[in-house]
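# An overview of the molecular structure
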2 protein chains.
Amino acid sequence: MIEDSRKILSEHSVSITNPRILVLEALLEFGNPITIDELQSKLKGAVAKSTLYRVLNDLKKIKILNEFTSPDNSTVVELILEDHSHHHHLFCSDCGEVIDVELSEEFETMLNKEIENVQKKFNFEITDHRVEMFGLCTEECSNCK
Amino acid sequence: MIEDSRKILSEHSVSITNPRILVLEALLEFGNPITIDELQSKLKGAVAKSTLYRVLNDLKKIKILNEFTSPDNSTVVELILEDHSHHHHLFCSDCGEVIDVELSEEFETMLNKEIENVQKKFNFEITDHRVEMFGLCTEECSNCK
DNA sequence: AAATAAATGAGACTTATTCTCATTTACTGT
DNA sequence: ACAGTAAATGAGAATAAGTCTCATTTATTT
Ligand SMILES: [Mn+2]
Ligand SMILES: [Mn+2]
Ligand SMILES: [Zn+2]
Ligand SMILES: [Zn+2]
């Protein structure tokens, strides 16, 4: 896992430093979207707060980190890995869990057609989109009692 | 417009106060999604900061205000009016403009089917969804030079 | 008009993120 | 391996969005 982290950094010509390795390892190990709070606690103070934010910005700059805001306004990040294809997110409004969701190809095709229309109508160049779904996880969630 | 504001408040059994009227008027007049910053400057100090946030919370509580975060992390609000049907949003990553977008009925139908599947797969009860599109407004935008 | 509960304004407070700057670390070329 | 240099880090100060407190004002009910 530490080797994966080094590889990711060198492949993007970013210098290999301890804080960067630690942050990448934590993200790789968790494997799911994670709030910055949770990430900080996984790091157990091994990386200074200021450095953590800097590292996350570095990862955004090289386009391997996705960041978004959950409905309870916490910031969530996730690594964008090569094998990790285009997907969307499902949020539990109760416990804050964030789940990766892949929607069908037909759906994405149809969405792209809609996007085409919107581009024309508003004279925009649309580069990205997001589908978010909100609700409650009914059972088997360790956080929601 | 002041009468519309009064009507909205009384219809929701919320007491009619000056700050509430002023905020509603500003939102009605602007007519589009607006950042809290912009809203504050439209109000020109007529409503205290603390009161503005309280009023916005009141409007959320009676379900006539929608709030979301734009890609530059500013908070955007919009009134939910009766005639204003289900829609989505298009964001300009350059100037921060937020535009209301209605997608086709066929698309929404298909999205609801996808949501059905996701509900089953993850044992969730999904109550809401959002489609967001990001890009650049190419011309005729007063903010993007 | 008086009584009462609710709403407001002003500013203190909280807290996520950014910034500053002195020190440390990683990379480059020898 | 080593020195030189630019980049990265840690610690904590600064910033700013949003919340909270509390004394005063206002809306609503009688
Ligand atoms: Mn994801
Ligand atoms: Mn809208
Ligand atoms: Zn849950
Ligand atoms: Zn623009």
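Residues numbered from 1 in each chain as written. Chains lettered and ligands numbered in written order. Predicted model: local features only at pLDDT ≥ 70, side-chain atom pairs only at ≥ 80, totals over all residues. Heavy atoms only, no water.

## Remarks on the interface of chain B and chain A
The interface of chain B with chain A comprises 36 residues on the first partner and 37 residues on the second. At the boundary of chain B with chain A, total buried surface from both sides reaches about 3200 Å², with 66% on carbon and sulfur atoms. For chain B, the biggest contributors to the area lost against chain A are Asn-123, Phe-124 and Phe-134 of chain B; these three give 20% of the whole. Linking chain B to chain A there are two salt bridges. Across the chain B-chain A interface, the total number found is twelve residue pairs in polar contact (both at pLDDT 80 or more). Of all the elements in the fold, those that place two or more residues in the side of chain B that touches chain A are β4 (88-92), β5 (98-101), α5 (105-122) and β6 (124-137) of chain B. (Contact = heavy atoms within 4.5 Å. Buried area = accessible area lost by both parts, 1.4 Å probe. Salt bridge = Lys/Arg side-chain N within 4 Å of Asp/Glu carboxyl O. Polar contact = N/O pair within 3.5 Å; in protein donor to acceptor, adjacent residues only side chain to side chain. Helix = DSSP H or I, 4+ residues; strand = E, 2+ residues; numbered from the N terminus.)

## Quick notes on the domain arrangement of chain A
Residue and element names in this part refer to chain A. Looking at chain A, the domain boundaries give domain 1 (1-84) and domain 2 (85-145). On the domain 2 side, the residues contacting the ten residues of domain 1 number nine residues. Roughly 860 Å² is buried in total at the junction of domain 1 and domain 2, and carbon and sulfur atoms are behind 58% of that figure. The largest share of the area that domain 1 buries against domain 2 comes from Phe-68, Pro-71 and His-84, three residues that together contribute 53% of it. Summed over the shared surface of domain 1 and domain 2, the result is zero salt bridges. Linking domain 1 with domain 2 are four residue pairs in polar contact (both at pLDDT 80 or more). Of all the elements in the fold, those that place two or more residues in the side of domain 1 that touches domain 2 are β2 (65-69) and β3 (75-79). (Domains from an automatic or database assignment.)

## Topic: the sheet that holds strand β3 (residues 75-79) of chain B
Residue and element names in this part refer to chain B. Within the open sheet, the three strands sit side by side as β1-β3-β2. Their pairing is antiparallel. The open sheet has two free edges, formed respectively by β1 (34-35) and β2 (65-69), since each of these has just one partner strand. As judged from the two bridges shared by β1 and β3, these two strands associate in the antiparallel manner. Across the sheet, residue Ile-34 finds its bridge partner in β3, namely Val-77. (Pairing = 2+ DSSP bridges.)

## Here's the deal with the nonpolar core
Core analysis: the largest hydrophobic core is formed by 30 residues, its most contacted members being Leu-90, Phe-107, Val-131 and Met-133 of chain A together with Leu-90 and Phe-107 of chain B. Excluding residues that lie within four positions of it along the chain, Val-131 of chain A makes contacts with His-88, His-89, Leu-103, Phe-107 and Leu-111 of chain A together with Leu-111, Arg-130 and Val-131 of chain B. (Core = buried A, V, L, I, M, F, W, Y, C linked by side-chain atoms within 4.5 Å. Buried < 20%, exposed > 50% of the residue type's maximum accessible area, 1.4 Å probe, protein only.)

## Some details on the pattern of salt bridges
Residue and element names in this part refer to chain A. Summed over the entire model, instances satisfying the criterion amount to ten salt bridges over all chains. When the shortest N-O distance is used, the salt bridge between Glu-11 and Lys-7 registers 3.9 Å. On the criterion of helical spacing, the pair formed by Glu-11 and Lys-7 is a turn pair, its members being four residues apart in helix α1 (residues 2-11). Linking Lys-120 and Glu-116 is a salt bridge whose minimum nitrogen-to-oxygen distance equals 3.8 Å. Here Lys-120 pairs with Glu-116, and both are found in helix α5 (residues 105-122), just four residues apart, close to one helical turn. For Lys-120, a relative accessible area of 63% puts it in the exposed group. The exposure class assigned to Glu-116 is partly exposed, which follows from its relative accessible area of 38%.

## Let's talk about the coordination of the manganese ion (ligand 1)
Residue and element names in this part refer to chain A. Protein coordination at the manganese ion (ligand 1): the donors are Glu-78 (OE), Glu-78 (OE), His-87 (NE2), His-89 (NE2) and Asp-100 (OD), at 1.9 to 2.7 Å from the metal. All donors to the manganese ion (ligand 1) come from one chain, and their sequence spacing reads E-x8-H-x1-H-x10-D. Here the residue Glu-78 occupies a position in strand β3, and His-89 occupies one in strand β4 (residues 88-92), the gap between them amounting to eleven residues. Residue classification places His-89 among the buried residues on the basis of a relative accessible area of 5%. (Donors = N, O, S within 2.8 Å, 3.2 Å for Na, K, Ca; no water.)

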